[in-house]
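A look at the structure
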Amino acid sequence: LDAEAALVRAQELDEMRNQGDILGPLHGVPLVVKDNIHVAGLPNTAGTPGLSDFRPETDSPAVAALRAAGAIILGKTNLHELAYGITGYNASCGAVGNPYDPTAFAGGSSSGTACAVSAGLAPAGLGTDTGGSVRIPASLTGVVGFRPSTGRYDSSAITPVSHTRDTVGVIARNVDDVFLIDAVITRDNPVSTAAPSEIRLGIARNYYFDGIDGETATVIEEALERLRKAGVILVEAEPGDVGAMCAATAVPIVFSEVASDLSGYLEEYRIDQDFNAIAAAAANPDVRGLFTMLESMQRQISDSTYAKALSVREDMRNMMHDYFVRFDLDGLIFPTTLLPARPIEDSLESVELNEARVPTFDTYTHNTDPATIAALPGISLPAGITHSGLPVGIEMDSPEGSDRKMLALAAVLEKILNFTARP
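It should be emphasised that the depicted structure is a prediction, and the values quoted were computed from it without experimental measurement. (Residues numbered from 1 in each chain as written. Predicted model: local features only at pLDDT ≥ 70, side-chain atom pairs only at ≥ 80, totals over all residues. Heavy atoms only, no water.)

What about the overall build of the protein?
Defined as follows: Runs of E in the DSSP output that reach at least two residues are strands. Runs of H or I that reach at least four are helices, and both are numbered from the N terminus. Radius of gyration here uses only the C-alpha atoms, and the compact-globule reference equals 2.2 Å multiplied by the residue count raised to the power 0.38. Partly exposed describes any residue whose relative accessible area lies between the buried limit of under 20% and the exposed limit of over 50%, with all areas from a 1.4 Å probe on protein chains only and scaled to the type maximum. Positive charges come from Lys and Arg, negative ones from Asp and Glu, while His and the chain ends are left out of the count. A charged residue contributes its charge at one atom only: NZ of Lys, CZ of Arg, CG of Asp or CD of Glu.
Along the protein, the regular secondary structure elements total 14 helices and 14 strands. Computed over its C-alpha atoms, the radius of gyration of the protein comes to 20 Å, within 12% of the 22 Å expected for a compact globule of 423 residues. If one aligns the C-alpha atoms of the protein with their principal axes, the spans along those axes are about 60 × 50 × 40 Å. Expressed as a percentage of its 423 residues, the buried residues of the protein come to 57%. In the protein, which carries 30 positive and 55 negative side-chain charges, the distance between the mean positions of the two groups comes to 4 Å.

Set out below in structure tokens:
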């Protein structure tokens, strides 16, 4: 928490306003930033002990754009260590509890930003998304999470996972605020909205609804029915074998890039650590296990395997493009996650789903992974609450590069869904 500097900046901005000088649309708005995105002068630990002393000298491009528009950075938010997980558990900094139930996890890896926004500590903030790390915690904490098309935001000056899949993303309490922050970062022009009857969304049940939790399914089906009654056209149509393409790309790409990307980052910012030192100092047991698995996987994943994975990724991008064109769709709609948040305790490796223990990471990223591989923009909207009082998110993925149109349509869907619960 950068309290003193935030108050000084707020006073400066008040004086400017009193003199009729407004920096931009975020003048005086307090925001939070995930602790793997550089903010000048503040720690950038990425939630891991090996980076605890690193303080970047300059802002990341996204943060610089927000500051130029008048935003105040309140501080940095917690994350799953090195953004290598999705629960928000952090053995070094503490687990992030869910505002709806502090004994349940907030999701991750952008857990702290989602928690801060959901709890009302800040109206919005930045996270990063490699396999769902903005949309998953947004879904589990009842807020809006936006992953832009890969490459839309300048994602330099962040602690990397995979340069092919990483992006900065936005978490906020409503779509209008996401739309505003996106405009500040990209300087894109507004787009016209649409009536509900002009919106066509695909429903692909073979992959995105496979194995869904019963309470989550109830909330999602009720949400889809509200959209139908409002006039939104829902088209039951499958894009192709999404599961096979994800399986062929997700692990080979990340495991081929993570060591070289992090090593390059440490060198670029002259951090007095190397990859092996960061790995050795990891606090989370799941992250330590991932580093151990990485050593084995790197010996198994050859250059040709990596090249094949990138080729399949292009095939998936083409498949999704053809899907949207063939069925004349504005997007694809589905449950953001197959299940709501689970208890922090004993959930690091596996969670309960439909009376069985299933892998935590693979299960929660099941529906968010495809967009990260196909470079699609995706937005998670609050859809409702389970009987046990936990939020459920519904996600829309849209054609690559259609971010502003997607946000405009998401604002229409948000009004129809009319989510009002707050922790």
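Further notes follow.
Thoughts on the environment of Asn-78
Condition: When checking whether two residues touch, look at their non-hydrogen atoms; a contact exists if any pair is within 4.5 Å. Two N or O atoms count as a polar contact when they lie within 3.5 Å, although within protein this holds only if one can serve as hydrogen donor and the other as acceptor, and sequence-adjacent residues are included solely when both atoms are side-chain atoms.
Looking at where Asn-78 falls in the secondary structure, it is placed in the loop between β2 (72-77) and β3 (97-98). C-alpha of Asn-78 to C-alpha of Val-33: the two residues are 45 residues apart in sequence and 9.1 Å apart in space. Asn-78 has contacts with Asn-90, Cys-93, Gly-94, Val-96, Ser-109, Ser-111, Gly-112 and Thr-113, leaving out every residue within four places of it along the chain. Within the structure, the side chain of Asn-78 is placed 2.8 Å from the backbone oxygen of Gly-94, a separation counted as a polar contact.

Focus: helix α7 (residues 214-230)
Residues spaced three or four apart along an α-helix face the same direction, because each turn holds 3.6 residues. Where we set the bar: Multiply 1.5 Å by the residue count of a helix minus one, and that product is the helix's expected span. Each C-beta atom gives one direction from the helix axis, and the arc is the one those directions make.
Its 17 residues place the ends of α7 25 Å apart at the C-alpha level, agreeing with the 24 Å of an ideal helix rising 1.5 Å per residue. Within α7 the residues assigned to the buried category are Thr-216, Val-219, Ile-220, Ala-223, Leu-224 and Leu-227. One side of α7 holds all its buried residues, which, seen down the axis, span an arc of 135°. Just downstream of α7 lies Gly-231, where phi reads positive at about 110°.

As for the pattern of salt bridges
Quick reminder of the rule: When a carboxyl oxygen of Asp or Glu lies within 4 Å of a side-chain nitrogen of Lys or Arg, that pair is called a salt bridge.
What the rule picks out here adds up to 20 salt bridges. Salt-bridge contacts for Arg-165 lead to Asp-369; the nearest nitrogen and oxygen are separated by 2.4 Å. With Arg-165 in the loop between β6 (144-147) and β7 (168-172) and Asp-369 in helix α13 (residues 369-374), the pair connects residues that are 204 residues apart, well separated along the chain. An identical accessibility class is assigned to Arg-165 and Asp-369; each is buried. Residue Arg-228 is joined to Glu-225 by a salt bridge in which the shortest nitrogen-to-oxygen separation is 3.4 Å. With Arg-228 and Glu-225 both in helix α7 and three residues apart, the pair spans about one turn of that helix. The class of Arg-228 is partly exposed, set by a relative accessible area of 34%.

Focus: the packing of α7 against helix α14 (residues 403-417)
The condition that has to hold: Every axis in this analysis is a line fitted to C-alpha atoms, fitted for helices over the stretch in contact. Angles between the N-to-C directions lie between 0 and 180 degrees. Comment on the angle field: the value is read as roughly parallel under 35 degrees, roughly antiparallel over 145, roughly perpendicular from 65 to 115, and oblique elsewhere. Under the convention adopted here, Pro, Cys and the residues Ala, Val, Leu, Ile, Met, Phe, Trp and Tyr are nonpolar, Asp, Glu, Lys and Arg are charged, and Gly plus all remaining residues are polar.
The N-to-C vectors of α7 and α14 enclose an angle of 105°; their axes lie 9 Å apart at closest approach. Relative to α14, the element α7 is oriented roughly perpendicular. Each of Ala-223, Arg-226, Leu-227 and Ala-230 in α7 lies in contact with α14, whose residues at this interface are Leu-413, Ile-416 and Leu-417. Across the contact of α7 with α14, the residue classes tally to six nonpolar, no polar and one charged.

Considering the pairing of strand β4 (residues 101-105)
Convention followed: Here, any two strands with at least 2 DSSP bridges between them count as paired.
As judged from the two bridges shared by β3 and β4, these two strands associate in the antiparallel manner. In the strand pairing of β4, Gly-97 is matched with Phe-105.

A short note on the packing of helix α2 (residues 61-68) against helix α5 (residues 175-186)
Contact geometry of α2 with α5 gives a least axis separation of 8 Å together with a crossing angle of 105°. Considering their axes alone, α2 and α5 lie roughly perpendicular with respect to each other. Contacts between α2 and α5 involve Ala-62, Ala-65 and Leu-66 from the former and Ile-181, Val-184 and Ile-185 from the latter. Split by residue class, the contact of α2 with α5 holds six nonpolar, no polar and no charged.

Looking at unusual backbone geometry
Residues Gly-108 and Ser-109 are joined by a peptide bond in cis, for which omega reads 10°. Of note, Ser-109 is situated in the loop between β4 and α3 (111-118). Residues other than glycine seldom take positive phi values, yet Ala-157 does so here, at roughly 60°. Mapping Ala-157 onto the fold places it in the loop between β6 and β7.

By themselves, these figures tell us nothing about what the structure is for.
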